[in-house]
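If you want the building blocks of each chain, they are given just below.
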Amino acid sequence: MRLFVAVLPPDDVLDDLEAHVEPRRDAGPEVRWTDRHQWHVTLAFLGAVPEARLEPLTDALADAAARRDPLVLRLAGAGAFPGPDAARVLWAGVEQLRGDLGAAAAGIRRAASAAGASPDGTRFRAHVTLGRFHRPTEATRWIRALDAWEGPAWQVGSLALVESHLGQGRERRPRHEVLAELPLRP
C-alpha cells in the first residue's frame, strides 16, 4: 500500500482555488495541472506499507493526531520546487493562522516511524501541488499569475490517512482513497 498523511482542504476552499487556477490552465502546455481531487497538504509520505501494518499504523497516527489542537489554515501565494529558475513543481502556499503545521507533521512522522512505516526524510514545506512541468522550466510568470491569490481560512479538525493508487486516475494519474480520518484534539 502506498500511503501518505495529509490535510484535505474543504470544498469551499477547493472551489475558491479552482476558480483562480481554471483560467490559467490553457495558458501554456508546459504545465501538467493536477486534478482538484488531488489537492492536499502532505504531512508525511509513508511510501510502501505492508497491509499487515495498516491497523497498528492507523492507531499510532490517530493517537498522534489526537494530541494536536485544531489548526486554522489558508491557502495563499505560490512558488515552485526546487526553485523558479528550473521548476519541476508549481504549488500554492499554506499560511498557518493558528497552530503549528510543522509540529503536527513532525509528530505524524515520528508516530509512523514508531509503527513500522518509513516516512520520507525530506524537509517539510507546507504546500498544495498545482502542477508539474514536463522538464525544468523558468516559472516566474506562473508564480506571478498565482501568487496574489489568497483563499478563505478554514479550521482543520482532522488529518487523513490516504492510499495512492498509481495509474488508476484520469490519464493514468494516481487515484487517492481516504483510508482513515484522524481527528485532532476536540
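None of these values were measured; they are calculated from a predicted model. (Residues numbered from 1 in each chain as written. Predicted model: local features only at pLDDT ≥ 70, side-chain atom pairs only at ≥ 80, totals over all residues. Heavy atoms only, no water.)

1. Topic: the packing of aromatic side chains
A full pass over the atoms with the stated rule returns two aromatic pairs. Measuring from centroid to centroid gives 5.6 Å for Trp 33 and Trp 142, while their planes differ by 70 degrees, and the two rings are edge-to-face. With Trp 33 in strand S2 (residues 31-33) and Trp 142 in helix H4 (residues 140-147), this pair connects stretches of sequence that are 109 residues apart. The same class applies to Trp 33 as to Trp 142, namely buried. Ring geometry for Phe 81 versus Trp 91: centroids 5.4 Å apart, planes at 35 degrees, classification tilted. One end of the pair, Phe 81, is in strand S4 (residues 71-81); the other, Trp 91, is in strand S5 (residues 87-98), with 10 residues separating them in the sequence. The exposure class assigned to Phe 81 is partly exposed, which follows from its relative accessible area of 25%. The class of Trp 91 is buried, set by a relative accessible area of 6%. (Phe/Tyr/Trp six-rings, centres within 6.5 Å; stacked < 30°, edge-to-face > 60°. Helix = DSSP H or I, 4+ residues; strand = E, 2+ residues; numbered from the N terminus. Buried < 20%, exposed > 50% of the residue type's maximum accessible area, 1.4 Å probe, protein only.)

2. Digging into the nonpolar core
Counting 53 residues, the largest nonpolar core has Val 7, Leu 46, Leu 57, Leu 61, Leu 101, Leu 130 and Leu 159 as the members making the most contacts within it. Filtering out sequence-adjacent residues up to four positions away, Leu 101 remains in contact with Val 7, Val 41, Leu 43, Leu 71, Leu 73, Val 94, Gln 96, Phe 124 and Ala 126. (Core = buried A, V, L, I, M, F, W, Y, C linked by side-chain atoms within 4.5 Å. Contact = heavy atoms within 4.5 Å.)

3. Focus on the sheet that holds strand S8 (residues 158-165)
Read across the sheet, four strands follow the order S3-S1-S8-S9 without closing on themselves; strand pairing throughout is antiparallel. Edge positions in the sheet fall to strand S3 (41-48) and strand S9 (175-183), since each has one partner strand and no second. On average, each strand axis in the sheet is inclined to that of its neighbour by 25 degrees, with strand direction left out of account. Two elements, strand S1 (residues 2-7) and S3, share six bridges in a ladder whose sense is antiparallel. (Pairing = 2+ DSSP bridges. Axes fitted to C-alpha atoms, helices over the stretch in contact; angles between N-to-C directions.)

4. Considering the side chain of His 165
In this structure, His 165 sits in strand S8. Classification of His 165 by relative accessible area gives buried; the value is 13%. Engagement of the side chain of His 165 in a polar contact is seen with the side chain of Glu 177, the distance being 2.7 Å. The contact partners of His 165, leaving out residues within four places of it in the chain, are Arg 173, Pro 174, Arg 175 and Glu 177. (Polar contact = N/O pair within 3.5 Å; in protein donor to acceptor, adjacent residues only side chain to side chain.)

5. Here's the deal with the confidence of the model for the protein
Taken residue by residue, the protein gives an average pLDDT of 93. The fraction at 70 or more is 96%. Across the protein, element-level confidence peaks in strand S7 (residues 154-156) with a mean pLDDT of 98 and bottoms out in S2 with 92. (pLDDT = per-residue confidence, 0-100.)

6. Let's talk about the environment of Glu 150
Tracing the chain through its elements places Glu 150 in the loop between H4 and S7. On the basis of relative accessibility, which here comes to 48%, the residue Glu 150 falls in the partly exposed class. The spatial distance from the C-alpha of Glu 150 to the C-alpha of Arg 74 is 7.4 Å, given a sequence separation of 76 residues.

7. With respect to the pattern of salt bridges
Enumeration according to the criterion identifies eight salt bridges in this entry. With its nearest N and O atoms 2.7 Å apart, the salt bridge here joins Arg 141 to Glu 30. Separated by 111 residues along the polypeptide, Arg 141 in helix H4 and Glu 30 in the loop between helix H1 (11-21) and S2 bring together distant segments of the chain. Judged by its relative accessible area of 21%, Glu 30 falls in the partly exposed class. When salt bridges that share partners are traced, they join Asp 11, Asp 15, Glu 18 and Arg 36 into one network. (Salt bridge = Lys/Arg side-chain N within 4 Å of Asp/Glu carboxyl O.)

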